[in-house]
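Below, each chain spelled out in residue letters.
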Amino acid sequence: MKKSFKKILAVALLAVTLSAGALERDHRAIWMSPFLGSNWPSGAITTSNAATQKRILDQRLDIFKTQNVNVLYYHCRAMCDATYESAYEPWSNTVSGVRGQAPGFDPFGYLVEAAHLRGIEVYAWLNPYRYASNGTGYGTSAAANDYEVLHPDWLMHKSDQTYLNPGIEAVKQRVVDVCADILSKYDIDGIVFDDYFYPQGGTDFSLDATQYNAYTAAGGTLSQADWRRDNVNQMVRRVGQMINSSSKPYVRFGISPAGVACPPNVTTEYGLPYITGDWQYNTIYSDPLNWYKNGYIDYMSPQIYWPNRWSELVNWWNNAALKFNRHFYPSTSLTGITEAQTYVDELQTMYEILPADKGGLVFFQYAEFVNYAEKYQGGSQMKFGDIIKSTNWTNKALQPIMPWKNVSNPVMVSNVALNGVNLTWNGVAAGRYTVYAVPNSVPDAQFAAQKEYLDGITYTNSYTIPAEKASGYRFAVAVYDRYGDEYAPLFVGATPTTIQAATLTYPTGGIQPKDLFRFRWTGNGSRYKVELSETSDFSTLVGAVDVFEPSCSVAQFPVLTTGKTYYWRVTSSAANAFDKVSSVASFKASHIKINSPADGTENVSITPQVKWDAAETGSSYLLEISNRQDFVTTIYSKELNATSFNVPNLGANTTYYARVTASLDGATSTSDVVAFKTLDMTPGNPSIKTPASDGVTLHCNEAVEINHPQGCTTVTVQISSSNTFPTRTSFSQTLQIGNPRTNELSTVKVSSKNLVDGSTYYVRAQGAYTDASGKSQKTGYSEVRSFVYSAEAGVESVTADVKEVSATYYNLKGVRIDRPENGQVAIKVAVLSDGTIRTSKVVVR
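Residues numbered from 1 in each chain as written. Predicted model: local features only at pLDDT ≥ 70, side-chain atom pairs only at ≥ 80, totals over all residues. Heavy atoms only, no water.

A tally of helices and strands in the protein chain yields 13 helices and 52 strands. Here the C-alpha radius of gyration of the protein chain, 31 Å, is about what a compact globule of 845 residues would show, namely 28 Å. Across its three principal directions, the C-alpha atoms of the protein chain cover 90 × 70 × 60 Å. Taken across its 845 residues, the protein chain has 54% of its residues classed as buried. Put simply, 70% of the contacts in the protein chain that link residues at least 6 apart link residues at least 24 apart. Roughly 34,200 Å² of accessible area belongs to the protein chain as shown, and the carbon and sulfur atoms make up 47% of that amount. In the protein chain, the 71 positive side-chain charges and the 76 negative ones have mean positions that sit 2 Å from each other. (Helix = DSSP H or I, 4+ residues; strand = E, 2+ residues; numbered from the N terminus. Rg over C-alpha atoms; globule rule 2.2 N^0.38 Å. Buried < 20%, exposed > 50% of the residue type's maximum accessible area, 1.4 Å probe, protein only. Contact = heavy atoms within 4.5 Å. Areas by Shrake-Rupley, 256 points an atom, 1.4 Å probe, with all protein chains shown as cover. Lys, Arg positive; Asp, Glu negative; His and termini not counted. Charge placed at Lys NZ, Arg CZ, Asp CG, Glu CD.)

As structure tokens, then:
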């Protein structure tokens, strides 16, 4: 984990609500490392301070429990050392004071036990290959079992870093063995790697030339760079396989790579949009998309700490996770936040982007999370953990379901009993449980294990009821297995019954419904789990969704392959009843697709008709066209109810990208991007629309408007006090396709000064286009028009299709426009000299 950070993205938010609602499933984690200082332990553990160190941790864990934190990533292995009892590597000096010397107690073992007592998961955090933060090693401070003593040939030395050599077979196996050792000794919930693969900043090819030459001599054909990436991929694959074949296959395996995955050409090879940058692929030789694509890992937690890219990168990684059916929990930081740029606001932006019940956030790091505070809602300083509890972590949450680990095996506790404040039950092997405190005012039939009633999580078959809930509540317990699946709850003293299996009604019989359809069924459960599989025996799950109503949208699952047959079933659940699984139904998938122009088509009209498949009845569509594959900028967009549209004007000889997003009842589905290139043509010159003739008066709230010639990509408008348009003193603005108007004249500056009331100004325009050779060319100039500037705001009349009406677009500041369902709206606006606004409105056919 890198130690240098910048401010989190500062964005202008539009009317966000501080409470994001009660998430059922949410990964809420904190990176925790004695290596960083101001963490736990804050120094060497000795026999004399052991009790104090334990008390400090216990107190902090109590606070984390109250704040609804549910995961801790603990740094077990920072420099090929250990903050746990390792069979292979020396104790870390960060917990003992001396490398190779045992601390007063095993901090990791104590943390796992103490966190589980509070229902908090613990993941072992490892740096795979980093050995020392210098180029020589530990010298006289090295422990007897350090690698520079036992296996000096395993090490690669740079001037400022020493790493294990990933190209050595024994090194790969050592990383696997270290993970297996932790897995066998500790009751962990996950393993997470930091991005220490090949050395940071690049590695000279001479450092592993011996291993690479041996590889090519044996017939290997990969380049040295690709071979290095393959070394890392092999290690990741083997760790994943070890976990899945162990006695604890439920352990989640994740990696925290840098915030940008790979160069643009590599992202497109994986079927993902272009993204700027490469912070790992060609330097530390990690290929995160390979791990997603091949299913080696369960999740990734990219380090996204950079200003102005949070939304972009989170959206990109989220799309990658959905594409490969894995999870994504971005890592973020609280450093650099200022009074004017509160993290509370940033938090809302993050949760608006993250997929509900499938994602989460990981905070780097413990000391920042514990110490950071800011003024909240105009009040006094408040600790961030308390703020986030009152905004997004209002309830306790379970971990997101891992559908690729199919373990559906409905079970229930028995003999739930309450003796004073001591709740007990008969559990299941290797069990974990959720405990619900349900107000007496809520009937059993209305209880569906809603997380607002979740009081706690326990790894034992007993639970102490909090004093404030000793009366007025009933208690229920459910099995919450280590994979994250939760089963039917049982109330104190209740006898389990059998629930009716759901009857699947749509889609069934192998039909092919349109995209954005809803799964439907009938049943008497209070909640349901919908499972979707590629196989009828459900050995290859695509996704699983918990819902309260007898229907859910297909958009809640990963994108399905058009024409492929899928299978679905529903598990019904209710309090005091054994879960019941329905029969299986099948259907063929549909995914919205642009049919015209086809991907890769050339010589497309500059006014193309775009056509796409219809989604479920009632869907609306957003057509977007961009000159970038990642759609960072959009050339044209249009909201429609139809499934085709004639784009009014595009540039000649230009490659464009198009996509369509269908929306229905809050669910969305986006087509694959198609690329097309427009035909060759030489555009005409632009013309001036406003002013319509010479000498007319234009007011400060008006703008110059042009007629955009077909085939031009942009038009540049010049405004000057001279009809010769001297470059240094003229105003110039370049207008993209779809925008025919300049900024309002009150903002225009000529000779670095605002326009002068009563003065005459001149305007002309020139287009730009791409010729057949790919070079940028200019059209001739338009006619020159003159206008007289008025510093008074004028009366503007606008008539437009209702979907195009925009107070901002037409400079109608402060005017509310009520949009009728059909027809056009004509608005007359008068801005008087005292600043008041008068409007009249008439709706026309």
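Now that the structure has been shown, we can carry on.
The next thing to look at is the packing of aromatic side chains. Considering all chains together, one arrives at 49 aromatic pairs under this definition. Summarising the aromatic geometry, the rings of Tyr636 and Phe645 are spaced 6.0 Å apart at their centres and angled 20 degrees between planes, so their arrangement reads as stacked. Ring pairing ties together the aromatic residues Tyr506, Phe517, Phe519, Trp521, Tyr528, Phe557, Tyr566, Trp568 and Phe587, which thus form one cluster. The positively charged end of Lys54 is found above the aromatic ring belonging to Phe105, 4.8 Å away from the centroid. A cation over an aromatic ring shows up here: Arg569 above the ring of Phe538, its NZ or CZ 3.9 Å from the ring centre. (Phe/Tyr/Trp six-rings, centres within 6.5 Å; stacked < 30°, edge-to-face > 60°. Lys NZ or Arg CZ within 6 Å of the ring centre and 35° of its normal.)

Right, let's get into the sheet that holds strand E3 (residues 121-126). Strand order in this open sheet of 9 strands is E10-E9-E8-E7-E3-E2-E1-E12-E11, and the pairing throughout is parallel. Edge positions in the sheet fall to strand E10 (327-328) and strand E11 (331-333), since each of these pairs with one other strand and no more. Pairing between strand E1 (residues 27-32) and strand E12 (residues 360-364): 4 bridges, direction parallel. The partner of His27 across the bridge, within E12, is Gly360. Seen against the sheet, helix H3 (residues 107-117) touches E1, strand E2 (71-77) and E3 and runs at an angle of roughly 155 degrees to E3. (Pairing = 2+ DSSP bridges. Axes fitted to C-alpha atoms, helices over the stretch in contact; angles between N-to-C directions.)

Next up on the list: the pairing of strand E47 (residues 760-770). Two faces, one strand: in a regular strand the side chains alternate between the faces of the sheet. Summarising burial for E47: 9 of the 11 residues are buried, a large majority. Bridge count between strand E43 (residues 714-720) and E47: 7 bridges; the pairing is antiparallel. Each bridged residue has a counterpart across the sheet, and for Ile719 the counterpart in E47 is Val763. Both E47 and strand E49 (residues 785-790) contribute to a ladder of 4 bridges, which runs antiparallel. Paired with Tyr762 across the bridge in E49 is Ser786. Inspection of the sheet shows E47 paired to strand E48 (residues 776-781) by 4 bridges, in the antiparallel sense. For Thr770, the partnering residue across the bridge sits in E48 and is Ser776. Hairpin connection from E47 to E48: 5 residues lie between these consecutive antiparallel strands, with Gly774 at a positive phi of about 90 degrees.

Turning next to the sheet that holds strand E33 (residues 609-612). Reading across the sheet, the 3 strands line up as E31-E33-E36 and stay open at both edges, with antiparallel pairing between neighbours. Sheet topology places strand E31 (594-596) and strand E36 (644-646) at the edges, where each strand pairs with a single neighbour. Looking at each pair of strands side by side, their axes are set apart by 25 degrees on average, direction ignored. Here 2 bridges tie E31 to E33, and the two strands are oriented antiparallel to one another. Across the sheet, residue Ser596 finds its bridge partner in E33, namely Lys611.

By the secondary structure assignment, Asp181 is in helix H5 (residues 169-185). Ignoring sequence-local partners within four residues, the contact set of Asp181 consists of Tyr84, Glu85, Ser86, Ala87 and Tyr88.

Taken as a whole, the protein chain shows an average pLDDT of 89; of its residues, 90% reach a score of 70 or greater. A low-confidence stretch, residues 2-21 stays under pLDDT 50, and its non-local contacts, those more than four residues away or across chains, total 65 contacts. (pLDDT = per-residue confidence, 0-100.)

Taken as a whole, this structure holds 0 disulfides when the rule is applied. Free of any disulfide, Cys76 has its nearest neighbouring cysteine sulfur in Cys179, separated by 9.8 Å. Note on Cys76: relative accessible area 0%, which makes it buried. (Disulfide = S-S within 2.5 Å.)

As a further point, take the pattern of salt bridges. By the definition in use, this model includes 29 salt bridges. One salt bridge connects Arg229 with Asp226, and the closest N-O pair in it is separated by 2.7 Å. Taken together, the positions of Arg229 and Asp226, both in helix H7 (residues 224-244) and 3 residues apart, correspond to about one turn of that helix. A relative accessible area of 6% places Arg229 in the buried class. Looking at Asp226, the relative accessible area reads 31%, which means it is partly exposed. (Salt bridge = Lys/Arg side-chain N within 4 Å of Asp/Glu carboxyl O.)

For the rest of this paragraph, the subject is the environment of Pro41. Along the chain, Pro41 turns up in the loop between E1 and helix H1 (50-66). Judged by its relative accessible area of 1%, Pro41 falls in the buried class. In contact with Pro41, not counting residues within four places along its chain, are Pro34, Gln53, Tyr74 and Val95.

Packed helices, taken two at a time, are described by the angle between their axes plus the distance between the axes. In contact at an axis separation of 10 Å, H5 and H7 are set at 30 degrees when each is read in the N-to-C sense. Between H5 and H7, the interaxial angle falls into the category roughly parallel. Helix-helix and strand crossings are classified by hand; for H5 and H7 the assignment is right-handed. From H5, Glu169, Lys172, Gln173, Val175, Val176, Cys179, Ala180 and Leu183 reach across to H7, where they touch Asn231, Gln234, Met235, Arg238, Val239, Met242 and Ile243. Split into classes, the residues belonging to the contact of H5 with H7 amount to 9 nonpolar, 3 polar and 3 charged. (Parallel < 35°, antiparallel > 145°, perpendicular 65-115°, else oblique. Left-handed = near helix turned anticlockwise from the far one by under 90°. Nonpolar A, V, L, I, M, F, W, Y, C, P; charged D, E, K, R; others polar.)

So, about the environment of Gly135. One can find Gly135 in the loop between strand E4 (130-132) and helix H4 (147-150). Residues Gly135 and Asp160, 25 residues apart in the sequence, show an inter-C-alpha distance of 4.6 Å. Excluding its chain neighbours within four sequence positions, the residues that come into contact with Gly135 are His157, Lys158, Ser159, Asp160, Gln161 and Thr162.

Orientation of helix H11 (residues 343-353) relative to helix H13 (residues 384-391), taken along the N-to-C sense of each, is 45 degrees, at an axis distance of 11 Å. Relative to H13, the element H11 lies oblique. Where H11 crosses over H13, the two elements pack in a sense that is right-handed. Here Tyr343, Val344, Leu347 and Gln348 of H11 come into contact with H13, specifically with Phe384, Ile387, Ile388 and Thr391.

In this model, helix H10 (residues 310-324) (15 residues) spans 21 Å end to end at C-alpha, consistent with the 21 Å of a helix rising 1.5 Å per residue. For H10, the set of buried residues is Trp310, Leu313, Val314, Trp316, Trp317, Asn318, Ala320, Ala321 and Phe324. With its phi angle positive at about 60 degrees, Asn325 sits one or two positions after the end of H10. (Expected span 1.5 Å × (residues − 1).)

Turning our eyes to something else, we now look at unusual backbone geometry. In this chain, Phe364 is followed by Gln365 through a cis amide linkage whose omega measures 5 degrees. Along the chain, Gln365 falls in the loop between E12 and helix H12 (366-371). A positive phi angle, close to 50 degrees, is found at Asn653, a residue other than glycine.

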